[in-house]
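What the coordinates show
This is what each chain is made of:
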Amino acid sequence: MGPQPLEDLVTALARLPGIGRKTAQRLALYVLKSPAQEAQALAEAIRGARENIGNCTRCFNLTERGQELCHVCRDPNRDQAVICVVEEASDALALERSDLLRGTYHVLGGALSPLDGIGPADLRIDELIERVRRDAVREVILAHNASAEGEATAEYIHQRLAGQTTVTRLARGLPAGSDLDLADRTTLTHALQGRTTFQ
């Protein structure tokens, strides 16, 4: 235990995903040791992000407030007829870092999870269906997490889009350098289903 303001900071940092109490404490102590202007800059960056980032009105990716469309939707070099569907904006950011997708995104805002009370109406699935109809989309790429919820969401969207456009999904399988005996059943299933012939 330390001074209450330190405890409050550690508690706040520990609420962040992937940050345990020890890491939160280390970060809090770093902030206390850093120059005042550095700590102030961090606080201002957090405040600025909260106040100045919103969602794209077309794909629901992150965008600056005042910008109706995100940088991807505004880019004239992007193929607007290809939509990559992701669960969260963080997934779109990861795909953007790869620099492999030249289409656009659609951020659902989560995945179907009946046990948690998340149904189709709680996600941006209807908006996706409308985009496909309105914009003559030729391909929808489903890029969901390899979880039961992700699989259920992908299957639901596939059924909703049947006959309207081509629906594909990211290939799944064994990561490079992994051992077969360490793979779980779902990974092995996807690896066998997605097998290809030698070239």
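To be clear, the structure that these remarks concern was listed above.
One structure accompanies this document, and this report is about it. (Residues numbered from 1 in each chain as written. Predicted model: local features only at pLDDT ≥ 70, side-chain atom pairs only at ≥ 80, totals over all residues. Heavy atoms only, no water.)

**What to know about the pairing of strand β3 (residues 82–86)**
In terms of burial, β3 is a largely internal element, 5 of the 5 residues being buried. Here β3 shows a buried face lined by V82, C84 and V86 and a second buried face lined by I83 and V85. Bridging between β3 and strand β5 (residues 139–142) involves 4 bridges; their strand directions are parallel. The residue bridging V82 from the neighbouring strand is E139, located in β5. Note: β3 against strand β4 (residues 104–107), 4 bridges, orientation parallel. Bridge pairing in β4 links C84 to Y105. Assessed by its sense of winding, the connection that carries the chain from β3 through helix α5 (residues 89–98) to β4 is right-handed. (Buried < 20%, exposed > 50% of the residue type's maximum accessible area, 1.4 Å probe, protein only. Helix = DSSP H or I, 4+ residues; strand = E, 2+ residues; numbered from the N terminus. Pairing = 2+ DSSP bridges. Right-handed = clockwise from strand over helix to strand, strands pointing away.)

**Concerning the pattern of salt bridges**
One pass over the full model with this rule turns up 10 salt bridges. Here R47 and E44 are joined by a salt bridge, their closest N and O atoms 2.7 Å apart. Highlighted residues: R47 and E44, both in helix α3 (residues 36–52), separated by 3 residues, approximately one helical turn. By relative accessible area, which is 38% here, R47 ends up partly exposed. Its salt-bridge partner being D99, residue R102 comes within 3.7 Å of it at the nearest N-O pair. (Salt bridge = Lys/Arg side-chain N within 4 Å of Asp/Glu carboxyl O.)

**Details of helix α6 (residues 125–134)**
Residues of α6 that are buried: I125, L128, I129, R131 and V132. On an axial view of α6, the arc spanned by its buried residues comes to 160 degrees, and they lie on one face. Of the residues one or two after α6, A136 is the one with positive phi, at around 50 degrees. (Arc of directions from axis to C-beta.)

**Considerations on the sheet that holds β5**
Read across the sheet, 4 strands follow the order β4-β3-β5-β6 without closing on themselves; strand pairing throughout is parallel. Strands at the two margins of the open sheet, each flanked by one partner only, are β4 and β6 (166–169). Along the sheet, successive strands turn relative to each other by an average axial angle of 25 degrees, direction set aside. Relative to the sheet, α6 contacts β3, β4 and β5, its axis offset from that of β4 by approximately 150 degrees. (Axes fitted to C-alpha atoms, helices over the stretch in contact; angles between N-to-C directions. Contact = heavy atoms within 4.5 Å.)

**As for a nonpolar patch on the surface**
Judged by side-chain polarity, I53, L62 and L93 come together as a nonpolar surface patch covering roughly 240 Å² of accessible area. Tracing the backbone shows I53 in strand β1 (residues 53–55). Take I53: its relative accessible area is 38%, and that puts it in the partly exposed class. (Patch = residues over 30% accessible without salt bridge, like charges linked within 9 Å, V, L, I, M, F, W, Y side chains within 5 Å. Areas by Shrake-Rupley, 256 points an atom, 1.4 Å probe, with all protein chains shown as cover.)

**Focus: unusual backbone geometry**
In this structure, F60 is a non-glycine residue whose phi angle is positive, near 70 degrees. Among the secondary structure elements, F60 is positioned in the loop between β1 and β2 (62–64).

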